[in-house]
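Remarks on the overall topology
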Amino acid sequence: MDISLPAFLQERIIWLGDKLLRDRLLVAGGTADQRGEFVCYWMHHAVRGHENPALDVAIHHATMLKMPLLVYHAICEEYPYASDRHHAFMLQGARDVQRELADLGVRYVFHLQRESHRGPHLRELAKRAAVLVTESMPVEPIVGWIERIQSACSTPIAVVDCACIVPLTLTNKGYTRAYEFRDATKSILEQRLAHPYPHQPVTCEPYYGPLPFYPLNLQDADLRELIGKCKIDHTVGPVIDSPGGSRAGYVRWEIFKSDALRRYAKRRNNAADQNGVSRLSAYLHFGMTSPFRIAREAAEHQADKFLDELLVWRELAFHFCFHQQQPLDSIERIPEWARRSLELHRSDLREQNYSWESLARGKTCSSLWNACQRSLLKHGELHNNLRMTWGKAMLSWTDSAERALHMMIDLNHRYALDGRDPSSYGGLLWCMGQFDRPFEPEIPVFGHVRPRSLIEHEKRIDMGKYVSLVDRSIAVERTRVAVVGAGIAGLVAARTLSDHGLDVHVFDKSRGIGGRMATRRIDDVIRFDHGAQYFTARDERFTRQVHSWIHDGIVAPWHGRVVQLNKGEVVAEKSSTSRYVATPGMSSLGRHLAIGLNVTCETLVKELRPTDDKYGERWHLLDESESDLGGFDYVIVNAPPAQSLPLLRPHSPLAMNIEPVTMSPCWSLMIQVETIAAIPFDAAFVDDSSLAWICRNDTKPGRAKCDPACWVLHASAKWSTDHLESSAEDVTVHLQQAFAECIGVGIAKLRCLAVHQWRYAIPATTLDRDCIWDPATKLGACGDWCGGPRVEGAYLSGAAIAGSLLRDMTIDRRASSAKTEYTGQLF
C-alpha cells in the first residue's frame, strides 16, 4: 500500500487503526464518505518545515489521494508541568514554523488552549481527515493522547519517527547498555549518515475549508498576553537567552559548531564552561532543529564524541522508551537488581527528608546542589554531567526510592526546557541504576546503585565560576521590583521573583505580615486566628504547595467537625470538605513565605512618583512624610481595591478595572467561655443571624488547648456593613448575645478578650482575571479580589502577577550577553 513512499519514509512509519479500511482508502481510493476531507498532519514534536519526515509523509499521502493538506498544531493547558516557560518556548517555535510553512505554501493552523478557547479540536479534525499523520514521541502525554485519538475515530493514523537517525521501527527491543545499542545500530547509522536528507517538494494543495476554531496568527500576536490567559503555572518564568524556534536553535548550533565542536571532548564535562556543550537539547526535544542536519554536520567535522552522545546515548533512550511496557515514572522500570538492592536498603537512615518546596527552591545543605537547582529554576537548563550528581542526591534526601524518582522527574520536567524527553527519562533512570551495572562495594541507602558524591564533585568544579554562571541575570537590564503589601498574594509574587534572581523589596503598613492570614496573641499565651479561619486547595498549582507545607509542618489538615446552624439546631454537616490551617497560627504561613525576602513593615506607601534617573524612567515610592523609599523598575500593589486605586489611578488607565470591585467588612470577636466545652462541634456556619461563623480556635491542629475554651466569632458581611461605625463595646455585647442564641444554650461565664474590625475582609465582587497588569507603565495589582475570594485565590493571583512581570522581562527580549547573530543559511 505504501509503494509510492520512498524507503526512508516507509521505515519510519507505524500505522494505527483499521488495516482493512486503510487498505481500501489508500490502495483502492475508497468511497466518498470513507475518503474524508483532507490529510491532517498533527504537529507537536517536529516543529519545523524542513527535514521533517512526518510532513513529507503527509504531503505524499495528500498527493496520492488528491486531497488538500492541513497542518494542525496546538498547545494544551493540561500537558504535565505546563508553565509560562514551556509555553513561551513552544509559541516562539510555532511562530517560526508558521512563517516557514507559509513560505512553502502549506496551510498551517495553530490553536492555543486558553480562556474562552477550549475544545476537543484534534478529535474533530481527526474524524474529518482521510489520514492523520503525526510524530512519534514515546513518552507521556503524547503516547496517551495518540491512544485516545485512535479509540475515538476510525481514521488511519501514521505515527512517524522524526527524532532519531536510527528509526524506532528498526530495533526489536529496548537496549539497556550503550555498548550493546552502539554495536546493534552501527551499520544502520553509517548508511544514513552517508546521505543528505532528501528534499521533498510540496506537491499538494492547502486546505482552506471550515475549521472548529479560529486559528491564531502568531506573527502579530502578543505572546505575553496570550500566555497570561492560559491556566498554567505562572511561577516558572521564560528563559531570555533560550528563545524557542528553528532560527534560534540553528544560531546556537552554528556558533557552537564554529567555536567549540572541535574541543567538545575536552570541555564537555566542565559545567562551569557554558560554551563547552551545544545546549541544543530543548530544540531537539521539540524538533525545532533537525537531528539529521545536526548529525550530518557533526560527522563532517569528525566530532566523534559529540556524535556518540547524540546518536548513541540520546537514541538509546528513545528506543528504550519506545519498547517499554512499564510506565517510565515507575520504580518498576529500573533493572531488577537495582530494585532489589534499593528495597533492601529502604529502612536505611537518610541524611535528610526534604519537602518538594525545599528542593524546588534549592534550599538544601549542599551549595553545589542548590546552584544546580537554581540553574534549573532560573535558566531552564542543567549541565548533563551535573544532572547525574543532582539526581542521585535525591536518594539520600527522600524517604524512599519511589519518592526520589518522583522528585527527580517533577523538578526536571517542571523547570528544564528539555524536560519530558526520552533523554530526560534516560538520565533520571540512570540515577536509579538503569543503563548501568551493580556497583561495589555495597553502601547504605544506595546498595549496589552507583553513588555520585556532591562533596567530591564540588572539588572538581570551579564553584566561583559556576555560581557566577548560574546567578547571571535573567533579564536584559538591572531590575528592581517593589511589592506594596505583604498579604499572601504579595508575598507569593515577591518570593517567585526573588527566586528568579530579581531584587525585590516588600513594604507593608502593618506591624506584621500575611494580611488577613493573621494570628492575635493575647497575654503572650492565648492565640486566636481572628482573620482567615482555614483554607481549601482545589487547584493543582496550589495543592502542590499545600502538600509541601504539610511535609514541613507549616500547614496541617484540620479534621474538626464543622456544621451548619440555624437557631441553635444543626441542619447540615460540613465536615467533608478538606480544610487546612497554618500551624501554630494562621500567620505562620505568611512568615514562612517571607523568609529571605527584604520586607519593611510599618511603612505606608502613599504615592508612586515617576522619575528619570541614570537607569531610565523608574518609579519612586514615597511614604506619608514624602520620604523616598527608593527607585524601582516595576511596582506590584497588593492591597484592597480602595487602597490600590489612589496609587495606580494617576498613572495607569488599567486602574479603571479596579473601580467596580468592592470588599465587605467583618467584625471579629475573640472570647473565652467556660460552660460550653461540651458543644459537639468545632466550628459552624450560622444562618439567619448577625453571626456568619463561629469556631473553637484551640481545637485546630498545633494550637494549645485552652481552659476556658477559646472561640472566634465572625459577624456576617451585612451586619458588619450596617454596623461599620459602631463602637467596639456595642459590637461585643451584640455578638455575644448572638453567639448564645445560635448555640442554643445559656452562657454563664464569658470573657471577651479582643474585638477587631476587618474593613476589607471579603471581596463582595471579584474580577474575572487573576491580576491587573499594565506593561506600558510596569505597574500591576493583585489580591484575592482578582481571581477568587480565598487564600487559594490570593496565591494564584500573586503567581499570576509574578508571571506577568517575568514574561514582560524575557519574551522576545534579547539577552545582551548572548550571541544571537548568524548570517548563514538556517534552513
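An account of the accompanying structure is given in this report. (Residues numbered from 1 in each chain as written. Predicted model: local features only at pLDDT ≥ 70, side-chain atom pairs only at ≥ 80, totals over all residues. Heavy atoms only, no water.)

**Describing the overall build of the protein**
Stated formally: Per the convention used, a helix needs a DSSP run of H or I reaching at least four residues, while a strand needs a run of E reaching at least two, with both numbered from the N terminus. Put simply, the radius of gyration uses C-alpha atoms, and a globule should come to 2.2 Å times the residue count raised to 0.38. Throughout this description, buried means an accessible area under 20% of the type-specific maximum (1.4 Å probe, protein chains only), exposed means over 50%, and partly exposed covers the range between. Note that accessible areas follow from Shrake-Rupley with a 1.4 Å probe, and for residues the cover is restricted to the protein chains shown. His residues and chain termini do not enter the charge count, which takes Lys and Arg as positive and Asp and Glu as negative. Every charge is mapped to an atom, namely NZ of Lys, CZ of Arg, CG of Asp or CD of Glu.
For the protein, the count of helices and strands is 29 helices and 26 strands. Expected size for 827 residues packed as a compact globule is a radius of gyration near 28 Å; at 30 Å, the protein falls within 12% of this value. With the principal axes as the frame, the protein shows a C-alpha extent of 95 × 65 × 60 Å. In the protein, which comprises 827 residues, the share counted as buried stands at 60%. Carbon and sulfur atoms provide 50% of the accessible area of the protein, an area that totals close to 33400 Å². Charge-centre separation for the protein: the mean point of 96 positive side chains lies 3 Å from the mean point of 100 negative side chains.

**Observations regarding the side chain of His61**
The following threshold applies: N or O atoms closer than or at 3.5 Å make up a polar contact, with two conditions inside protein: a donor-capable atom paired with an acceptor-capable one, and, for residues adjacent in sequence, both atoms drawn from side chains.
When you line up the elements, His61 lands in helix H4 (residues 53-65). Given a relative accessible area of 1%, His61 falls into the buried group. For His61, the side chain forms a polar contact with the main-chain oxygen of Val57, separated by 3.0 Å.

**What about unusual backbone geometry?**
The peptide bond linking Glu440 to Pro441 adopts the cis configuration, its omega dihedral lying at 0°. Tracing the backbone shows Pro441 in the loop between helix H20 (422-430) and helix H21 (454-459). Between Thr583 and the following residue, Pro584, the backbone shows a cis peptide bond with an omega angle of 0°. Within the fold, Pro584 resides in the loop between strand S14 (579-582) and helix H25 (587-594). Unusually for a residue other than glycine, Val445 sits at a positive phi of about 70°.

**Some words on the side chain of Asp421**
Heads up, the condition is: Between Lys or Arg on one side and Asp or Glu on the other, a salt bridge is scored when a side-chain nitrogen of the former is within 4 Å of a carboxyl oxygen of the latter. We call two residues in contact whenever any of their non-hydrogen atoms come within 4.5 Å of each other.
Checked against the element boundaries, Asp421 lands in the loop between helix H19 (401-415) and H20. For the buried Asp421, no salt bridge is present, and the opposite-charge side chain at shortest range is Arg314, 5.4 Å distant. At 2.8 Å, the side chain of Asp421 forms a polar contact with the backbone nitrogen of Ser423. Asp421 has contacts with Met137, His285 and Phe318, leaving out every residue within four places of it along the chain.

**A word on the packing of helix H14 (residues 304-322) against H20**
For any two helices packed against each other, the geometry is given by the interaxial angle and the distance between the axes. Condition: Every axis corresponds to a line fitted to the C-alpha atoms, with the helix fit spanning only the stretch in contact, and the corresponding angles, defined between N-to-C directions, vary from 0 to 180 degrees. In this scheme, roughly parallel covers angles under 35 degrees and roughly antiparallel covers those over 145, while 65 to 115 is roughly perpendicular and the rest are oblique. The classification used treats Ala, Val, Leu, Ile, Met, Phe, Trp, Tyr, Cys and Pro as nonpolar, Asp, Glu, Lys and Arg as charged, and all other residues, Gly among them, as polar.
Packing of H14 against H20 leaves a shortest axis separation of 8 Å and a crossing angle of 95°. The orientation of H14 with respect to H20, classified from their angle, is roughly perpendicular. Residues Arg314, Ala317, Phe318, Phe320 and Cys321 of H14 form the contact with H20, whose own contacting residues are Pro422, Ser423, Tyr425, Gly426 and Leu429. Classifying every residue of the contact of H14 with H20 by side-chain character gives seven nonpolar, two polar and one charged.

**Remarks on the environment of Val755**
Tracing the backbone through its elements, the reader meets Val755 in strand S24 (residues 750-763). For Val755, a relative accessible area of 23% corresponds to the partly exposed category. Discounting residues that sit within four places of it in the chain, Val755 has contacts with Arg520, Trp667, Ser668, Leu669, Met670, Ala728, Val731 and Thr732.

**Points about the pattern of salt bridges**
In a structure, side chains of opposite charge can pair up when their charged atoms sit close to one another. Across all of its chains, the model carries 55 salt bridges by this definition. Ionic pairing is found between Glu332 and Arg339, a salt bridge with its closest N-O pair at 3.6 Å. In this structure Glu332 comes out as partly exposed when scored by relative accessible area, which is 39%. Judged by relative accessible area, which is 26%, Arg339 ranks as partly exposed. For Glu659, the salt bridge is made with Arg649, and the minimal N-O distance between the two is 3.5 Å. Here Glu659 is found in the loop between helix H26 (641-648) and strand S20 (663-673), whereas its partner Arg649 is found in the loop between H26 and S20, with 10 residues between them in sequence. In this structure, a network of salt bridges that share partners links the residues Arg182, Arg268, Lys305, Asp308 and Glu309.

**Let's talk about the packing of aromatic side chains**
The test is simple: The aromatic pairing rule takes the rings of Phe, Tyr and Trp, using the six-membered ring of Trp, and pairs them if the centres are within 6.5 Å, calling planes under 30 degrees apart stacked, those over 60 edge-to-face and the rest tilted.
Following the criterion strictly, the structure yields 28 aromatic pairs and no others. Ring centres of Phe8 and Tyr197 lie 5.5 Å apart, and the angle between their planes is 85°; on these two criteria the pair is classed as edge-to-face. Of this pair, Phe8 sits in helix H1 (residues 7-10) while Tyr197 sits in the loop between helix H8 (178-193) and helix H9 (223-228), placing them 189 residues apart in sequence. Of the two residues examined, Phe8 and Tyr197, each falls in the buried class.

**Topic: the environment of Tyr634**
Mapping Tyr634 onto the fold places it in strand S19 (residues 634-637). Overall, Tyr634 belongs to the buried group, its relative accessible area being 4%. Between the C-alpha atoms of Tyr634 and Leu122, which are 512 residues apart in sequence, the distance is 40 Å. Among residues more than four places away in sequence, those in contact with Tyr634 are Thr479, Arg480, Val481, Ala482, Trp773, Lys778, Leu805, Asp808 and Met809. Side chain to side chain, Tyr634 and Asp808 meet in a polar contact 2.8 Å long.

**Some words on the packing of helix H24 (residues 540-551) against helix H29 (residues 791-810)**
At a minimum axis distance of 10 Å, the contact between H24 and H29 shows a crossing angle of 110°. If you check the angle between H24 and H29, you find them roughly perpendicular. Facing Arg541, Phe542, Gln545 and Trp549 of H24, the residues of H29 in contact are Val791, Glu792, Tyr795 and Leu796. Tallied by class, residues from the contact of H24 with H29 come to five nonpolar, one polar and two charged.

**What about the nonpolar core?**
Test applied: Residues grouped as a nonpolar core are buried Ala, Val, Leu, Ile, Met, Phe, Trp, Tyr and Cys residues, joined through side-chain atoms within 4.5 Å.
Grouped together as the largest cluster of nonpolar side chains are 85 residues, with contacts concentrated most on Trp369, Trp390, Met394, Leu411, Met432 and Tyr466. The element contributing the most residues to this core is H19, with eight residues. Apart from residues lying up to four places away in sequence, Trp390 is in contact with Trp369, Cys372, Gln373, Leu376, Leu382, Met408, Leu411, Asn412 and Leu428. Within the second largest apolar cluster, 78 residues are counted, among which are Leu65, Ala94, Ala248 and Ala260.

**Some words on the pairing of strand S23 (residues 709-715)**
Applied cut-off: Strand pairing follows a simple DSSP-based rule, namely that at least 2 bridges must link the two strands.
For S23, a buried count of seven out of seven residues is recorded, marking the element as mostly surrounded by other parts of the structure. The sheet contact formed by strand S22 (residues 691-696) and S23 spans five bridges and is antiparallel. Counted as the bridge partner of Ile694 is Leu713 from S23.

**Points about the pairing of strand S2 (residues 38-43)**
In regular strands, side chains alternate between the two faces of the sheet. Quick reminder of the rule: Convention used here: a crossover is right-handed provided that the path from the first strand, over the helix, to the second strand proceeds clockwise when the strands point away from the viewer.
Burial analysis of S2 places six of its six residues in the buried class, the great majority of the element. What you see with S2 is no split at all: Phe38, Cys40 and Trp42 on one side and Val39, Tyr41 and Met43 on the other are buried throughout. The pairing of S2 with strand S5 (residues 129-135) spans five bridges and is parallel. Across the sheet, Trp42 pairs through a bridge with Thr134, a residue of S5. The pairing of S2 with strand S3 (residues 69-75) spans five bridges and is parallel. Residue Val39 lies in a different strand from S3, and its bridge partner there is Leu69. Handedness of the crossover joining S2 and S3 through H4 is recorded here as right-handed.

**Concerning the sheet that holds strand S6 (residues 157-160)**
In spatial order, the strands read S1-S6-S5-S2-S3-S4; together these six strands make up an open sheet with mixed pairing. Strands with a single pairing partner mark the edges of an open sheet, and in this sheet they are strand S1 (13-16) and strand S4 (108-112). In this sheet, neighbouring strand axes are inclined to one another by 25° on average, regardless of whether the strands run parallel or antiparallel. Relative to the sheet, helix H5 (residues 84-104) contacts S2, S3 and S4, its axis offset from that of S4 by approximately 160°.

Note that every value here comes from positions in space, so none of it alone points to a role or purpose.
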